[in-house]
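# Secondary and tertiary structure notes
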Amino acid sequence: MSLDEIKSIELGILDYVAGICEKHHLRYYLAYGTLIGAIRHHGFIPWDDDIDIVMPRPDYEKLMDICQSASPEKRYQLLSSRDEVYLYGFAKVVDRRTEIVDDTVEMIPGLGIWLDIFPYDGMTSKNSWNNRICYYLNKLRGAAIYKEFPQGKGANYFVWKLCRLIGYRIFLKWYERLCKAVPYDTSQYVGLISDRRDYHPRELFKETIKVQFEGKEYDAPIGYDQMLRNYYGDYMQLPPEEQRVSHHIKAVLI
């Protein structure tokens, strides 16, 4: 599939998720490269090919409940760690008409072109023991999903082999349990615990604003500028041309 075809399908998924969130009064925010694209380009970063949103943990869990209890959706499906065969500590909403082609990792049944939904959790401090343990549990989970030793990714062969024997589900279970240790709505700081750069004052997310993305409006945090500067620095500065590389998803229509 071409990059334009993939982007069009991803926009459809975003509309679907945003519609559920608005109907059920759930908080969501465009995030990471998607938010940069909205602010800097009013759409996709030209060389980017994915869409990311973040949700406070309470809203994230409610979205899981809503999608699990709803009648099966013909076109879209939410995949999460509540599924027996799922690899990640964040959710994906996929277009079921498509299929991802990737033989380097354990494949997720039903994985098509997706939108990523990352849960934001509360944090007591950036370098708390809880955050550190979560960070390494996520690293071990990541090692365990590779069917072959991941050369060039800084992995140790014996650690990888041990992780494969233990299985990623064990690491994922403990990672998620510890992520939920600090409630989002009473915490001074929030973020994605597995990412050490993703640490922000909760007040940045107390209100939402609408931002333009590919001709439509979606939610962003009121403190989007500080959020992006915390994570990227000067996000309005274009990267050097050699870094403007698409990681083009390999997908087919089925």
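See the structure printed just above.
What counts, and at which threshold
- Residues numbered from 1 in each chain as written.
- Predicted model: local features only at pLDDT ≥ 70, side-chain atom pairs only at ≥ 80, totals over all residues.
- Heavy atoms only, no water.
- Helix = DSSP H or I, 4+ residues; strand = E, 2+ residues; numbered from the N terminus.
- Rg over C-alpha atoms; globule rule 2.2 N^0.38 Å.
- Buried < 20%, exposed > 50% of the residue type's maximum accessible area, 1.4 Å probe, protein only.
- Contact = heavy atoms within 4.5 Å.
- Areas by Shrake-Rupley, 256 points an atom, 1.4 Å probe, with all protein chains shown as cover.
- Pairing = 2+ DSSP bridges.
- Patch = residues over 30% accessible without salt bridge, like charges linked within 9 Å, V, L, I, M, F, W, Y side chains within 5 Å.
- Salt bridge = Lys/Arg side-chain N within 4 Å of Asp/Glu carboxyl O.
- Expected span 1.5 Å × (residues − 1).
- Arc of directions from axis to C-beta.

For the protein, the count of helices and strands is seven helices and eleven strands. Against the globule reference of 18 Å for 254 residues, the protein gives a C-alpha radius of gyration of 18 Å, in line with a compact fold. Dimensions of the protein, computed from C-alpha atoms along their principal axes, come out at roughly 50 × 45 × 45 Å. By the burial criterion, 49% of the 254 residues in the protein qualify as buried. Summarising the internal contacts of the protein: among those between residues at least 6 apart in sequence, 65% fall at separations of at least 24. Surface exposure of the protein reaches about 13,100 Å², of which carbon and sulfur atoms provide 52%.

Attention shifts here to the pairing of strand E6 (residues 114-123). Extensive coverage of E6 is indicated by the burial of ten of its ten residues. Relative to E6, strand E4 (residues 91-95) runs antiparallel, the two being bridged by four bridges. What sits directly across from lysine 92, in E6, is aspartate 116. By the bridge criterion, three bridges tie E6 to strand E7 (residues 189-191) in an arrangement that is antiparallel. Bridging across to E7, aspartate 121 finds its partner in glycine 191.

Turning to a nonpolar patch on the surface, a few remarks are in order. A contiguous nonpolar surface patch, about 520 Å² in accessible area, is contributed by Leu162, Leu165, Ile166, Ile170 and Trp174. The set of elements that each furnish at least two residues to the nonpolar patch consists of helix H5 (157-166) and helix H6 (168-179). Looking at which element gives the most residues to the nonpolar patch, the answer is H5, with three residues. Inspection of the secondary structure puts isoleucine 166 in helix H5.

What follows deals with H6. When the terminal C-alpha atoms of H6 are compared, their 16 Å separation across twelve residues agrees well with the 16 Å that a helix rising 1.5 Å per residue should span. Considered for burial, the residues of H6 that qualify are Tyr168, Phe171, Leu172, Tyr175, Glu176 and Cys179. The arc enclosing the buried residues of H6, seen along the axis, measures out at 125°, which places them on a common side. Buried residues along H6 sit against helix H3 (57-69), E6, helix H4 (129-144) and H5.

Pairs can form between side chains of opposite charge once their charged atoms are near each other. The full count for this structure, using the stated rule, is 15 salt bridges. For arginine 82, the salt bridge identified is with aspartate 65, shortest N-O distance 2.7 Å. Note that arginine 82 is positioned in the loop between strand E3 (76-79) and E4 and aspartate 65 in helix H3, a separation of 17 residues in sequence. Look at arginine 82 and you get partly exposed, because its relative accessible area is 33%.

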